[in-house]
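The chain contents come next:
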Amino acid sequence: MANIAALTALIEPEAAALGLALVRVKMFGGESDPTLQVMAERPDTRQLTIEDCAALSRRISEQLDALEEAGRDPIDHAYRLEVSSPGIDRPLTRLADFEDWKGHEARVTLTEKVDNRKQLTGILMGVEGDQVTVDVRKHQPMTVAFADIADAKLTITDKLIAATRPLSTEGADDIIEVEG
């Protein structure tokens, strides 16, 4: 399988050159449908346009093609490249994400059980140092080390929908009729 740290080191400067922040680099799909997933966003808006996706996809493809031509392909098998925004129920992959989305509901999966819980679902309370606090629904606030978080993502709520409205909805209600 591909070295995600090496791929991230390759992809991050390409995203930065476009003014984008890298959210996640992940390989999934196994042998049957391997996919290199790259999530990025504009730091000021937390959004990504189709044009941003296309530009980043081109830059990544050019870098990977150049490495393949030089005999240093970081992915030694066929795969699909997927470049996208993190979406509304975005993964929380960076420590800063837990602070940025404080007050919103999330589902946090731990590497090991803490207080007999491996999954914490509740309101993000923020970050102190490298510690993340979640007000666990029907329990109490729990603080865990960021390093002990295996996976985390926001939960879709009305509050999250309101906080992530698109910058522009121009054309969203337009009906395009196609003959044929």
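Refer to the structure above for everything that follows.
A brief look at the structure comes next. Keep in mind that what you see is a predicted model, and the values were worked out from it rather than measured. (Residues numbered from 1 in each chain as written. Predicted model: local features only at pLDDT ≥ 70, side-chain atom pairs only at ≥ 80, totals over all residues. Heavy atoms only, no water.)

**Notes on the environment of V132**
Selection criterion: The way it works is that DSSP assigns letters per residue, a run of H or I at least four long becomes a helix, a run of E at least two long becomes a strand, and they are numbered from the N terminus. Under the scheme applied here, a residue whose accessible area is under 20% of the maximum for its type counts as buried, over 50% as exposed, and between as partly exposed, the area being computed with a 1.4 Å probe on protein chains only. Between two residues, a contact is recorded if the distance between any of their heavy atoms is within 4.5 Å.
Residue position: V132 is located in strand 6 (residues 131–136). Residue class for V132 comes out buried when judged on its relative accessible area of 0%. As a C-alpha pair, V132 and F146 span 14 residues in sequence and 6.1 Å in three-dimensional space. Setting aside residues up to four positions removed in sequence, V132 forms contacts with L95, F98, G126, V127, M142, T143, V144, F146 and I149.

**Topic: unusual backbone geometry**
The phi torsion at D115 lies on the positive side, around 50°, for a residue other than glycine. Mapped onto the elements of the fold, D115 is located in the loop between strand 4 (105–114) and strand 5 (117–128). Exposure remark for D115: the relative accessible area of 53% places this residue in the exposed category.

**Considering the sheet that holds strand 3 (residues 80–84)**
Rules: When DSSP finds at least two bridges between two strands, those strands are taken to pair. Here an angle of 0 to 180 degrees is reported between the N-to-C directions of two axes, which are lines fitted to C-alpha atoms, with helices fitted over the stretch in contact.
The sheet built from 3 strands is open, its strands ordered 1-2-3 with mixed pairing. Here the strands that pair on one side only, and so sit at the sheet edges, are strand 1 (21–28) and strand 3. Here the average twist between neighbouring strands, direction ignored, is 15°. The sheet contact formed by strand 1 and strand 2 (residues 35–41) spans 7 bridges and is antiparallel. Bridge assignment links V25 to a residue of strand 2, and that residue is V38.

**Digging into the packing of aromatic side chains**
Two aromatic rings are characterised by how far apart their centres lie and by the angle between their planes. Rules: Each Phe, Tyr or Trp ring, with Trp reduced to its six-membered ring, pairs with another whose centre is within 6.5 Å; inter-plane angles below 30 degrees give stacked pairs, above 60 give edge-to-face pairs, and intermediate values give tilted ones. The rule for a charge over a ring is simple: NZ of Lys or CZ of Arg within 6 Å of the ring centre, and within 35 degrees of the ring normal.
Tallying each qualifying case throughout the model produces 1 aromatic pair. The interplanar angle of 75° and the centroid separation of 5.9 Å between the aromatic rings of F98 and F146 together place this pair among those described as edge-to-face. Pair noted here: F98 is in helix 3 (residues 95–100) and F146 is in the loop between strand 7 (141–145) and strand 8 (149–154), with a separation of 48 residues, a long-range link. For F146, a relative accessible area of 26% translates into the label partly exposed. The ring of W101 is capped by R46, whose NZ or CZ atom sits 4.3 Å from the centre of that ring.

**Observations concerning the nonpolar core**
How we decide: In plain words, nonpolar cores are sets of buried Ala, Val, Leu, Ile, Met, Phe, Trp, Tyr and Cys residues tied together by side-chain atoms within 4.5 Å.
Core analysis: the largest hydrophobic core is formed by 20 residues, its most contacted members being L7, I11, L36, V38, L56 and I60. Of all the secondary-structure elements, those providing two or more residues to this core are helix 1 (4–17), strand 1, strand 2 and helix 2 (50–69). Ranked by the residues each element gives to this core, the list is headed by helix 2, at 5 residues. Not counting chain neighbours up to four residues away, the residues in contact with L36 comprise L7, I11, V25, K26, M27, L64, I75, Y79, R80, L81 and E82.

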